[in-house]
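Descriptive structure summary
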Amino acid sequence: MTLIYAGLSLGAVYALVAIGYNIVFVASRSFNFAQAQLMMIGAFVAYTGHVTLGLPAIVVVALAMVVVMLVAAILERVAVRPVADHQTQLITTLGFGTVLTGLAQLIWGSQPLDVPFFGAKEAMTLFGGRLYSFELGLIVLSVVLVAVIHLYNRRMMSGLAIVAMSQDDEAAVLRGINVRKLAFAAFAITGLLAGLMGFFIGPKTFAVATLGSALALKGFVALAIGGFGSFYGGLVGGFVVGLVEEHAARYLGSEFSNLSVFLILILVLMLRPTGLFGQTQERTV
Amino acid sequence: MTTVNWWKTLRAVPSWVYPATLGVFLLVLPALQPGYSVTRQVELTLILALIVSGLNLSLGYAGQLAIGQVAMYAAGAYTAGIIAVAGVTDILVQLLAAGLAALVVGIVTGIPGLRLGSWSLAMTSFFLVLLVPDIVSIFEEHTGGQLGLSGIPGATLLGFELTPTHFYLTVVTVTILWFAAFRNIIASRHGIAFQVLKQSPVLASSVGMSVFRVKLSGYATGAIPAGLAGALFANLDLFVSLEAFGFHVATGALAASILGGSVSVYGAVLGAAVVEYASSQSDSFQEYSLVFFGLFLLIGGVLMSGGVAGVARTFVARLDRAAGLAGRGPSKAGDGEAIHRIEGGLLDATGVSKAFGGNQVLTDVSLRAEPGRVTALIGPNGSGKTTLLNLVCGYYRRDAGEITLDGTPIRTAATHRIARLGVARTFQTPLIPPGITVRDVVASGRYTVEGTSFAGAILRTPRFRAIQRRDRQRADEMLRLVGLEDVADTEAATLPLGMRRMLEVARALVAEPKVLLLDEAASGLDEGEVETLAGVIRRIRDAGCTIILVEHNFGLVLSLADEIVVLARGSVLASGTPSDIANDPRVRDEYLGASDADVRPDDSVTEPAARQETP
Amino acid sequence: MTDPLLTVEHLATGYGDLRAVWDVSFQVWPGRITVLLGRNGSGKTTSLRAVAGLNPVHGGTMTYDGRSLESVAAHGRVALGVSYVQEGKRVFRTQTVRENLLLGGYSLKLRRRALENELDRIYELFPILHDKRDDPAGSLSGGQQQMVAIGQALMAKPRLLMLDEPSGGLAPSVVAEVMARVSALKDSGLAILLVEQAVEAAVDVADHVTVIDIGKVVVSSPVGEIDDLERIKDACMGR
């Protein structure tokens, strides 16, 4: 059970990355390679607020969200909007992410920093397995976020509009929807959420500048398993990746965990390119 | 004026002289006794340049987001190191083994890309970089694991031990040879084929290229230089450690490629020099290096899509224009130009049916197009014209019916094979790859005529040269036919629409097809251009080619066609001579919705695939 | 006659540098139906797209309600009262009929609760949509999808309604029904621009007819002045 908790909480981290990818993908068909780096910045801001400045938790969360939202807004303006084709956006968002990694290293150094979380420091026992409060927090956050996003997309006008855009953006324009503005808003919201996510993942992964690359790739695997554009799919995909990684590390050795995730990625891409829950296949041309 | 004259003199020098001069300079550099740090800097730069050139090939030219070159670099380095420890110290053997190892890694990881789109390939290839440390520790006893692979004996060449200076010369020589090979590949059909594929796989298969093979050769040729770089790196310090193969290096290589210009040969050296120089600077700079790499990627991606090499090209073009070296404007289609006899083929489609999901788009359609005749295919929106065209080209699998060319059955779902049988086409939206000249666009149509190998292209064999000469000759003939000979050296994608349409006709015709399919070739053209096009089509017909014309312009169809087939709601409504069709009241009623129209089955007129057709 | 709501003069437009429309002029008046006729490929749809703001304008002018449309972005034109129903029933297929209609009112900038009240107008016009309101729009029949598309456009309370081949792919009985509904809409003062290939059905409801061929106007006249259907048809066929 302890192993499963570890897998699920690690998987929740990947699911959170996949949620970020999906929001941007649904709103603008772009792929934001810098998503994981946004979360990394969130974790660092949480560390600074919490440890360096000693601010109360709620202020820390708000601070991380606002800061990362601003960073995401800049990202959209400099790396996404001026670039027409999605393939080049991959390069420019990777570039932006690399800049963030570099800046994080300059500001916070390259040593991993331990980000504290609310509640008890000790692990608790639940259904015969042991887990930390931040692990439970991660799992709950990922599930709640997916549910909230699902409701938002069905209840709110802007949510309906974003789903409509993802189906036919020209038809959406003809209904008076400002597609560009909403796509920008989606980026800002991704940043907002990434700030929140950073606060939650920090205790699990530590705040470390090199967090981005591995997280970006595993988050993509979660996305590929779940299917592009499917929030539930990304959640399930994240959990699958987390569980596989923890089990492979436990039974085969830590050097096999990435390898098993890679094998799953290849298998899913070859056998079911639309993912388990996906309707929209990535464009192949 | 002096600047202009000076520029003219400079441009009169063949362009290969400049890189050759750099190569010679690097070869004689040891004679100047530059000191260890300089030669080492050059060695590291050239090793990086090799990796970057691989990126330029696969990413820049072939447009495949295979960005895991660092993993292939690692494969090459460990392969060379391991066989050296095992006693194989000959540098040639090591280069060969390392190149092969990288090739295997490149092809295996390219496999997902054969089926999938850009992101998946980018992610799987980048994931490889993440796997390098794991794989190295799994084979710890051979690779040295985290501690690194040490104890590599010095390299030898044919039994002679290499001194540091010898090794330096080896690095320079390998790099020069590879770049010469790279340049020769790019300036050949294969290089053009990469760019055609990058523009559109549909276009590539329509001129007879196997998308599968071109992609695979892109991954393969992109992997080899990374493997060579690995072998050189292993012998540079006689020590291989994991630090050399991290994301930091992968990002640096990508940054160098974007900075130097991905779609360029020598931009790789330039980009590598900048990145390597920056990385070698004091520690304070190293701290900033990621920020700079990121900025290179960002700015390179946003501002100068061609990198430094692209900026240089624009500058050269501007100076050329100032110096009056650029080509003149277009001329009229050459009326008197003799056109070779073309052996047309009889295209016979019988009982063809096709449904998308539940929508029956074509029902029992038959069409016969004869050599030396223009067969026009007309019909209202959604009547199935384009679907029929795409069935002939093999883009869709037909549900029933037979299509034969001169009696040979055309099988489905192998577009490039059908193209090789002699079926050429133009597109509703002209597909012209950017960055290549008008003449090369036309020559790309001859990809399947007289095959040339990569080796032939690299070594410039007499056979290759002869074929290349014929490519040029035939391309120029076609350009004269359509009146574009004066713009032969212009970048094709910058031409106005009317010329791009003519260019597509020339490209389709250069392989001397049996059947030429023209898909709305006149749409968007003004009256003068339509007239020119009609003249060209008539002369192609008179030369013996079988022409199938899908067209909305009634006047053009009536004046040009020998036979008209009218499609309506997926079946043939009428067929006959232009005057038959013009006087057939059913045709007009079909277009304009007569009051006593048959009941249309709901939704039958929508073609779900139609929206994807114009890439 | 009242002043025209939309005046298009010497419009030249296309896709990128592909020019499909060379010189097209027409007018649309409140409470009247202008029909744009022509074969496929003649430039009808391209002209509508330019008015809606989807295609760039290379030349000519578009005056709507006394102002030039060109400076207004496509989504902003909806708020001005320009509603365009594209051909091919482009509804949001995975979303329900109700969600589709709500999205139609997006430009009114109302809260969802307030927009829900607007739905009744549409359900009154197309009662079947009320029955199907919770079904995904993609599961409806072609005629019903067309009603969803028109309903979406009407949700925005337009002053100018542009309909692109509303009869396309529909059975004749449904075409007649759709045309009757379109005809009824003009009584509320709506200016309607109708693009059709089905000449007779369209001329039946038209107040003004403009025929274009290969991107140029060949006939433009009030319906009362040309009663010769044959002449219109010949013009459509480029004769």
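Computed from a predicted structure; not experimentally measured. (Residues numbered from 1 in each chain as written. Chains lettered and ligands numbered in written order. Predicted model: local features only at pLDDT ≥ 70, side-chain atom pairs only at ≥ 80, totals over all residues. Heavy atoms only, no water.)

All names here are of chain B. Parsing chain B into structural domains produces domain 1 (2-14 + 32-320), domain 2 (347-432 + 510-613) and domain 3 (433-494). Relative placement of domain 1 and domain 2: their C-alpha centres are 47 Å apart. Residue-level contacts link ten residues of domain 1 with ten residues of domain 2. Summed over both partners, the interface of domain 1 with domain 2 buries about 770 Å², with 63% contributed by carbon and sulfur atoms. The tally of links between domain 1 and domain 2 comes to zero salt bridges. (Domains from an automatic or database assignment. Contact = heavy atoms within 4.5 Å. Buried area = accessible area lost by both parts, 1.4 Å probe. Salt bridge = Lys/Arg side-chain N within 4 Å of Asp/Glu carboxyl O.)

Ranked by size, the top nonpolar core spans 306 residues in total, and within it Phe220 of chain A, Phe245, Leu503 and Ile540 of chain B together with Leu37 of chain C carry the most contacts. If one sorts the elements of this core by residue count, helix α1 (residues 2-28) of chain A sits on top with 15 residues. Every residue in contact with Ile540 of chain B, bar those within four places of it in the chain, is listed here: Ile339, Ile342, Leu481, Val505, Leu509, Leu516, Cys545 and Ile547 of chain B. Counting 27 residues, the second-largest nonpolar core is a separate cluster that includes Cys393, Ile403, Ile410 and Val550 of chain B. (Core = buried A, V, L, I, M, F, W, Y, C linked by side-chain atoms within 4.5 Å. Buried < 20%, exposed > 50% of the residue type's maximum accessible area, 1.4 Å probe, protein only. Helix = DSSP H or I, 4+ residues; strand = E, 2+ residues; numbered from the N terminus.)

Now for the interface of chain A and chain B. Between chain A and chain B, the residue contacts involve 48 residues of the former and 40 residues of the latter. Carbon and sulfur atoms supply 80% of the area that chain A and chain B bury against each other, a total of about 3900 Å² over both sides. The interface formed by chain A and chain B holds zero salt bridges in total. Linking chain A with chain B are one residue pair in polar contact (both at pLDDT 80 or more), by the criterion used here. Listed by contribution, the elements that provide at least two residues to the side of chain A that touches chain B are α3 (57-80), α4 (86-108), α9 (211-226) and α11 (257-271) of chain A. (Polar contact = N/O pair within 3.5 Å; in protein donor to acceptor, adjacent residues only side chain to side chain.)

Another point: the packing of α1 of chain A against α9 of chain A. Residue and element names in this part refer to chain A. In contact at an axis separation of 8 Å, α1 and α9 are set at 75 degrees when each is read in the N-to-C sense. Here α9 runs roughly perpendicular to α1, going by the angle between their axes. Residues Val13, Tyr14, Val17, Ala18, Tyr21 and Asn22 of α1 lie in contact with α9, whose contacting residues are Leu215, Ala216, Lys218, Gly219, Phe220, Ala222 and Leu223. Here the residues of the contact of α1 with α9 sort into ten nonpolar, two polar and one charged. (Axes fitted to C-alpha atoms, helices over the stretch in contact; angles between N-to-C directions. Parallel < 35°, antiparallel > 145°, perpendicular 65-115°, else oblique. Nonpolar A, V, L, I, M, F, W, Y, C, P; charged D, E, K, R; others polar.)

A few words on the pairing of strand β9 (residues 208-213) of chain C. All names here are of chain C. Of all six residues in β9, six are buried, a share of seventy percent or more. Burial of the side chains of β9 extends over both faces: His208, Thr210 and Ile212 are buried on one face and Val209, Val211 and Asp213 on the other. Strand direction decides the pairing type here: strand β3 (residues 33-37) and β9, joined by four bridges, are parallel. Pairing of Leu37 across the sheet is with Val211, part of β9. Here β9 folds back onto strand β10 (residues 216-222) in antiparallel fashion, the turn holding two residues, of which Ile214 has a positive phi close to 45 degrees. (Pairing = 2+ DSSP bridges.)

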